[in-house]
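Here's the letter readout for the chains.
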Amino acid sequence: MSQRRRRSLALLTSGVLALPLLAGCGAGDEGGPVAAGQDIAVTPRNKVADGGVLRWAVDSLPDTLNTFQADADATTTRITGAVLPQLFTLDGKGRPVANPDYLEKAQVVAREPKQVVLYKLNQQAVWSDGREIGAADFVAQWRALSGKDSAYWTARNAGYERIEKIERGKTDLEVKVTFAKPYTDWRSLFSPLYPKQVTGTPDAFNEGARGTLKVTAGPFNLGATDKKTATIALTRNPRWWGRPAKLDSLVLTAVPRSERPAALAAGKVDIAEIDRSGADRIALAHRERSNTSGPGGAPAHGPGALTTPAEATLSWAVAYGVDEGKAREELDARVRNAEAARKYTDEQEALRGFTIRKSLEPSYTQLALNGASGPLADERVRRAVARALNRKELAELVLKPLGLPAKPVGSHVALAGQRAYADNSDALGGQDTKAAQALLADAGWRPNGKLIEPEGAKAGPESDAEAGREDARTAGPGTGDDGLYIVGQDDERNGAGLKGPLGAVKPLAQPRLAADQKAWLLAQAEAVGAAASDGDDKEAGRTPSVEGEAADPAQGTASPAPAPAKQTRTSGSVLAKDGKALSLRFVLPAGPGSEALRTVGERIAQMLQKIGVSTELTKVADESFFKDHIASGQYDLALYSWPATAYPATDARPIFAKPEPAADGSLLVEQNYTRVGTDHIDQLFDQALGELDEEASRDLLRKADARIWAAAGSIPLYQRPQLVAVKPSLANAGAFGLGTPCYQDIGWKKPPATASKNKG
């Protein structure tokens, strides 16, 4: 596996898609503005109480505490961010800044003949066993991650393989790193930094830090893990030399996202990232009072909210009717419903004690166009699809109801506020129906085209739909009967449940496919090259039957082996070429946390219909969405997200690398699941990676981004929303946006009188 693939896999599997969890504790406000700032109730330390416990919801307890292993996740990153050295952290704009708790200075001191970086360490920085942090720790980590010793089970190596040697400087506080190849992203290295006890030997690296960290060096130490209560405690580090942590302990508690509103209401956690439905519950709790009710006294929302007076009357009649069996069942159901309504009402009362802090996540949702085969293999068709999209409308669909800025993302390699960001979407062009139609016409697609099908095939695109429907049935649980919806078809195949105006806005929720994407990426770490071959096995039913020779039209002429007669029809407003309609399979996740993706997908399908492109909306189970469709190339269009990074020359390169044939005939795509790439894009990334003039490196990245836009394999749409439920008295925590926690400053606000007294 390539070094850059390992780093990209680590970035994705650290939580996703899981996102980086490093932040600076204050930094300069240089450069352009972020799309949405942090919402963390910034509070001076003198107004934050000393002591207390904070219970923080996480997705799961970590399988490992070694962030460089393949099964590291977002909780791993959160823990190491609080207990291990982070030489560079990210500020509120997602930019790396030196962490003064560990570094007095870090800079490139030589470029010729080789790049040399000198780290000058904080003289107070020590491990929890009392030993000074020093060159021995840097050397051990480099050797473990250089890729030269296969006994180390590593998943994130990028950059370390470019190091030639590491030496002690003039004093024990100086570490000198010499690179064999220049590396612009040198700040990405040694964060976190592990003690040499963890990285010194393969056995220690592979097993020693999976369940515990015996030696730490952060504002918190690793405390007890309780699998029964699904908690792991971080406790204040008495040896910490920096500003002491305000909290006595920080308890990370594993709570599934669907259960977080109930966990908040029950007092199980004090802070939790939630989806749109959870945020709606808290908003309703604040707006509505106990006397607000629906028909017959039912709650205005929640269990029983949709019960009509007629249904309530029927339920009462059955419960007290003459059929004792049905009466007993109905009475039991009424008791269960009443208990659910009571529990929901109690939870709503408790949720009034929370507030929502919101920002935009360090990730963006894109429309992926699979360019490996089919109509989208033609760049003109991809560009036409992209030019049909009103990206601002799509961003507003998701973000405007949440009160968040809805400006479309303009870059594949950075987000607004980061230094490499520039809106390069003009390289492709904005929404323009006429331009899109012209591109399709130039590619040979015409309206009212003749469609040819073998005798016996079902008229219309129904033959396509049958196989597509079978795909939906076999894609895994959770797909239901609405697995396939063909935009523009009004016949019975689209199902009663999906009739009505397609543009109706459904309840939105953040897509939560990170766990499934993570699971596949872990398995893919050793086998993605084989799994994602040319990804283009022709799907039965995706296109009309293959054309053969036309049947002899002469009547009464005998033939010993007649070719099947063919039916012809016209495509109508849908474009056609070579006897086939322009129909694209649009794969969407079917799970309850992906309503936003499905709503956006349906709106995109409407936009494409206007230019004569038919879309088959296929809903598949969340657990198969990424593995069986995106990574394996079994889709034409799809929506999924990529995390932002402070080091795009390293981390974005494998996402847009040109696929290469493997020795076995398969296609190595790294993380480029659109299968669209060029040699020029690869060259620009490689040049940026080795350019030590930082502005020149960023300029090369912007040029690469413009060419990615022009290739039209990936169309960034919007930055994902970040919604965090917190108790109002929690300070310096919430929606961190592009930045992440300064753990020692998080705590509970002092009562106003106490804060005023201390100030005086």
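Before reading on, note that the structure itself is shown above.
What counts and what doesn't
- Residues numbered from 1 in each chain as written.
- Predicted model: local features only at pLDDT ≥ 70, side-chain atom pairs only at ≥ 80, totals over all residues.
- Heavy atoms only, no water.
- Phe/Tyr/Trp six-rings, centres within 6.5 Å; stacked < 30°, edge-to-face > 60°.
- Helix = DSSP H or I, 4+ residues; strand = E, 2+ residues; numbered from the N terminus.
- Buried < 20%, exposed > 50% of the residue type's maximum accessible area, 1.4 Å probe, protein only.
- Axes fitted to C-alpha atoms, helices over the stretch in contact; angles between N-to-C directions.
- Parallel < 35°, antiparallel > 145°, perpendicular 65-115°, else oblique.
- Contact = heavy atoms within 4.5 Å.
- Nonpolar A, V, L, I, M, F, W, Y, C, P; charged D, E, K, R; others polar.
- Patch = residues over 30% accessible without salt bridge, like charges linked within 9 Å, V, L, I, M, F, W, Y side chains within 5 Å.
- Areas by Shrake-Rupley, 256 points an atom, 1.4 Å probe, with all protein chains shown as cover.
- Salt bridge = Lys/Arg side-chain N within 4 Å of Asp/Glu carboxyl O.
- Lys, Arg positive; Asp, Glu negative; His and termini not counted.
- Charge placed at Lys NZ, Arg CZ, Asp CG, Glu CD.
- Pairing = 2+ DSSP bridges.
- Polar contact = N/O pair within 3.5 Å; in protein donor to acceptor, adjacent residues only side chain to side chain.

Some remarks on the packing of aromatic side chains
Then step 1. Summed over the entire model, instances satisfying the criterion amount to 19 aromatic pairs.
Then step 2. Centroid distance Tyr152 to Phe205: 5.5 Å. Interplanar angle 75°. Geometry classified as edge-to-face. Of this pair, Tyr152 sits in the loop between α3 (135–145) and β6 (163–168) while Phe205 sits in helix α5 (residues 202–208); the two residues are 53 residues apart in sequence, bridging distant segments of the chain. Considered together, Tyr152 and Phe205 belong to a single accessibility category, that of buried residues.
Then step 3. A centroid spacing of 5.4 Å and a plane angle of 85° characterise the contact between Tyr160 and Phe190, whose relative ring orientation is edge-to-face.

Description of the packing of helix α7 (residues 276–287) against helix α9 (residues 324–351)
Then step 1. Following both chains from N to C, one finds α7 and α9 inclined at 80°, their axes separated by 8 Å at the closest point. Judged on the interaxial angle alone, α9 and α7 are roughly perpendicular. Here Arg281, Ile282, Leu284, Ala285 and His286 of α7 come into contact with α9, specifically with Tyr344, Glu347, Gln348 and Leu351.
Then step 2. Considering only residue class, the contact of α7 with α9 consists of five nonpolar, two polar and two charged.

Quick word on a negative patch on the surface
Then step 1. A contiguous patch of negative charge on the surface is contributed by Asp323, Glu324, Glu329 and Asp332.
Then step 2. Within the secondary structure, Glu329 is located in helix α9.
Then step 3. Residue Glu329 is classed as exposed on the basis of its relative accessible area, which comes to 57%.

Focus on the pattern of salt bridges
Then step 1. Summed over all chains, the structure comprises 33 salt bridges.
Then step 2. For Asp346, the salt bridge is made with Arg342, and the minimal N-O distance between the two is 2.6 Å. Separated by four residues within a single helix, Asp346 and Arg342 lie in helix α9, roughly one turn from each other.
Then step 3. The exposure class assigned to Asp346 is partly exposed, which follows from its relative accessible area of 41%.
Then step 4. Across the pair Arg653 and Asp682 runs a salt bridge, and its minimum N-O distance is 4.0 Å. Of the two residues, Arg653 is situated in helix α18 (residues 653–656) and Asp682 in helix α19 (residues 679–690); the sequence distance between them amounts to 29 residues.
Then step 5. Classification of Arg653 as buried rests on a relative accessible area of 7%.
Then step 6. Taking relative accessible area as the criterion, Asp682 reaches 7% and is therefore assigned buried.
Then step 7. Three or more residues are tied together by salt bridges with common partners; here these are Arg45, Arg243 and Asp745.

Considerations on the sheet that holds strand β7 (residues 174–179)
Then step 1. With antiparallel pairing, the four strands of this open sheet are ordered in space as β4-β5-β7-β6. Strand pairing shows two members of the sheet lacking a second neighbour, β4 (103–110) and β6, which therefore form its edges. In this sheet, neighbouring strand axes are inclined to one another by 15° on average, regardless of whether the strands run parallel or antiparallel.
Then step 2. Packing against the sheet, α3 makes contact with β5 (116–121), β6 and β7, and its axis sits at approximately 160° to β6.

Description of helix α10 (residues 379–387)
Then step 1. The buried fraction of α10 is high, at seven of nine residues.
Then step 2. Of the residues flanking the start of α10, the one acting as N-cap is Asp378, its side-chain oxygen 2.9 Å from the backbone nitrogen of Arg380.

Quick look at unusual backbone geometry
Of all residues except glycine, most have a negative phi; of all peptide bonds, most are trans.
Then step 1. A cis geometry characterises the amide bond from Glu112 onward to Pro113, with omega recorded as -5°.
Then step 2. Along the chain, Pro113 turns up in the loop between β4 and β5.
Then step 3. Cis geometry is found at the peptide bond from Ser191 to Pro192, where omega equals 0°.
Then step 4. Position of Pro192 among the secondary structure elements: in the loop between β7 and α4 (196–199).
Then step 5. The phi dihedral of Ala230 is positive, around 55°, even though this residue is not glycine.
Then step 6. Note on placement: Ala230 falls in the loop between β8 (220–226) and β9 (231–236).
Then step 7. Positive phi values are uncommon outside glycine, yet Asn448 reaches one of about 55°.
Then step 8. Tracing the backbone through its elements, the reader meets Asn448 in the loop between α12 (433–442) and β13 (450–454).

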